[in-house]
Amino acid sequence: MNRLREIFTFSEAFPLIFTQASFWIFFAIIYLVFALIYRKIKIRNFYLLIISLFFYYKTSGMFVGLLIFTTLSNFYLGAGIYRSNIKVIKLLLVSLSVGINLFVLSYFKYAYFFTDSVNHLLGTQWQVSHWLASWGNQLASANYFTVDKIVLPIGISFFTFQALTYCVDIYRNKLKPIDSAADFGLFVTFFPQLVAGPIVRAGEFIPQINRATNISKQDFDSGLFLILKGMIKKMIFADYIAMHFMDKVFDAPAMFSGFTNVMAMIGYSLQIYGDFSGYTDIAIGLALLMGFKLPQNFNSPYKALNTSDFWRRWHISLSSFLKDYLYIPLGGNKRVSYGSAIITILLLTGVLIAIGDVKTGLLATGSVLLIVFLALVFPVFRKHLFTNINIMLTMLIGGLWHGASWKFVIWGGLNGLGILVYKYWRRISPWEKYDNRFSVFWKILLTFTFITFTRIYFRGESMEQINAWFNQVATNMGWDTAWNVIVKYKTVFIVMFLGYLTHWLPVRTKVAIERYFAESHIVTKVVLSVLTGIICYQAYSASFQPFIYFQF
């Protein structure tokens, strides 16, 4: 009874995280109730809404109030946009929706980032004040919120983006508003994908809300298989190698040889893939068990032949979101908008100011303005420039979405450069036309290497750590001790090898494995599920290992 009480009441020690036993006890209980009421659509939807809000409360405590505010504000703004026949009013309402969502996101995620950047530029000593928490505590006459520091609510980037797309799509006449605030709340808060995606669009999910639940045998088998696959990815291929190798190296890169640092980066590419795709596999699987289909978020990204291909395979829901709601509105491959020019100036100036060179920042800003002017004069140059500017802006902002730090902007910019370099390289490359095994292997290897080593800006906690990593790789590779490193961490490297091997299996092999599972006897499914659980929890640490993308 004490364990059940801990599961069903808020406790930082017992969050409802997919890799913890408490979540599966919770899910078994709520799924039993779901099985009794799923035929009644309205009751089912309201039940899942309450469960989803409770799930977020268990994960983030009183921040559930922020989730409710985001849900209600966008629901009524969406209705207002649809009902209004005056274009200016529609524009004002959709602008209000965008403003509210970006304000919420910026307040909780970027307050320190913006304040530090301004202080660095102006030499001021401004401090961030958590006035929203103070106001909330005064209103509730209780100390529900910490006032000395702004805490980032889990999953805020995901649920604000989902709510924002709803209002924008209504404004674009791509979507009609949903009648029920509760049903809209289910779209925003649906617990399997609430805190780490995939990002679900209203047009994809809302039609499912009004349909009767139909869970076929194929859906159930696929859902169960995805859950087991996601657990293996997260608990073995991500957490095990992180806890027993990578975390030690990244905490003190200067204490390890360049070879060890390189192997840690290769391991990190497997970790972040196993962690994030593992979460989305479990999320998609859970949704299938309840009759809902979520969009695919990963498609063997390390099989990518170039950087553009990688971003069509990695975090697909974010990539498509950035394309439809940022890249195209900025002008896409046709033009550069005023927004593009303003964002370019701000980002370029900000990056240069962040490294302490104000004069160079202003000079670079003037150079950007000159380039834009020349583009207006020379049409051919303009066509290439506009497309490239919008690609770079999309990747830079995508980098900033991942974290409130200039190192994430650098990471996004490097990926943008990778896309642009390949864009022009493929036009002159004598090997682009070849698709034999050696050519494919070389393209995959080159792309994987580039993507992996840009991630030092993603994984490094600070620029000091990042610089230490580069210094060790450049000056102290330690080839003479490489074999000793391999022997010492042999189990970790075996797990890494198996992780990459399973990732690079042919599609037909993966389909055959899933088909075997689906067609196997129920006893076989139970045995495989139990064995998977035992193996995962034997490899798992008793300490709490959150999903990496919770911080975004």
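Given the structure is predicted, the values throughout are model-derived calculations rather than measurements.

**A short note on the overall build of the chain**
Within the chain, the secondary structure is distributed over 24 helices and 0 strands. Expressed as a percentage of contacts within the chain between residues at least 6 apart in sequence, the contacts between residues at least 24 apart total 75%. A total of about 27000 Å² of accessible surface is found on the chain, and carbon and sulfur atoms cover 67% of it.

**Describing helix α9 (residues 202-209)**
Of the positions making up α9, those classed as buried are A202, F205, I206, Q208 and I209. Around the axis of α9, the buried residues are gathered within 160° of arc, so they sit on the same side. On its buried side, α9 packs onto α3 (41-60), α7 (156-171) and α8 (181-189).

**Topic: the nonpolar core**
Generally speaking, nonpolar side chains in soluble globular proteins are found buried as a group. In this structure, Y166 and F187 are the most contacted members of the largest nonpolar core, which totals 139 residues. Counting residues per element, this core draws most heavily on helix α11 (residues 258-289), at 18 residues. The contact partners of F187, leaving out residues within four places of it in the chain, are Q162, Y166, Q193, V200, R201, A202, F205, I206 and I209.

**Quick word on the packing of aromatic side chains**
Taken as a whole and judged by the stated rule, the model has 55 aromatic pairs. Here the aromatic rings of W24 and F27 are separated by 6.2 Å at their centres, their planes lie at 80°, and the arrangement is edge-to-face. Of the two residues, W24 and F27 are both situated in helix α2 (residues 21-37); the distance of 3 residues between them amounts to about one turn of the helix. Here W24 falls in the partly exposed class, since its relative accessible area comes to 23%. Looking at K109, its charged tip hangs above the ring of W401, at a distance of 5.1 Å from the centre.

Quick notes on the rules
- Residues numbered from 1 in each chain as written.
- Predicted model: local features only at pLDDT ≥ 70, side-chain atom pairs only at ≥ 80, totals over all residues.
- Heavy atoms only, no water.
- Helix = DSSP H or I, 4+ residues; strand = E, 2+ residues; numbered from the N terminus.
- Contact = heavy atoms within 4.5 Å.
- Areas by Shrake-Rupley, 256 points an atom, 1.4 Å probe, with all protein chains shown as cover.
- Buried < 20%, exposed > 50% of the residue type's maximum accessible area, 1.4 Å probe, protein only.
- Arc of directions from axis to C-beta.
- Core = buried A, V, L, I, M, F, W, Y, C linked by side-chain atoms within 4.5 Å.
- Phe/Tyr/Trp six-rings, centres within 6.5 Å; stacked < 30°, edge-to-face > 60°.
- Lys NZ or Arg CZ within 6 Å of the ring centre and 35° of its normal.

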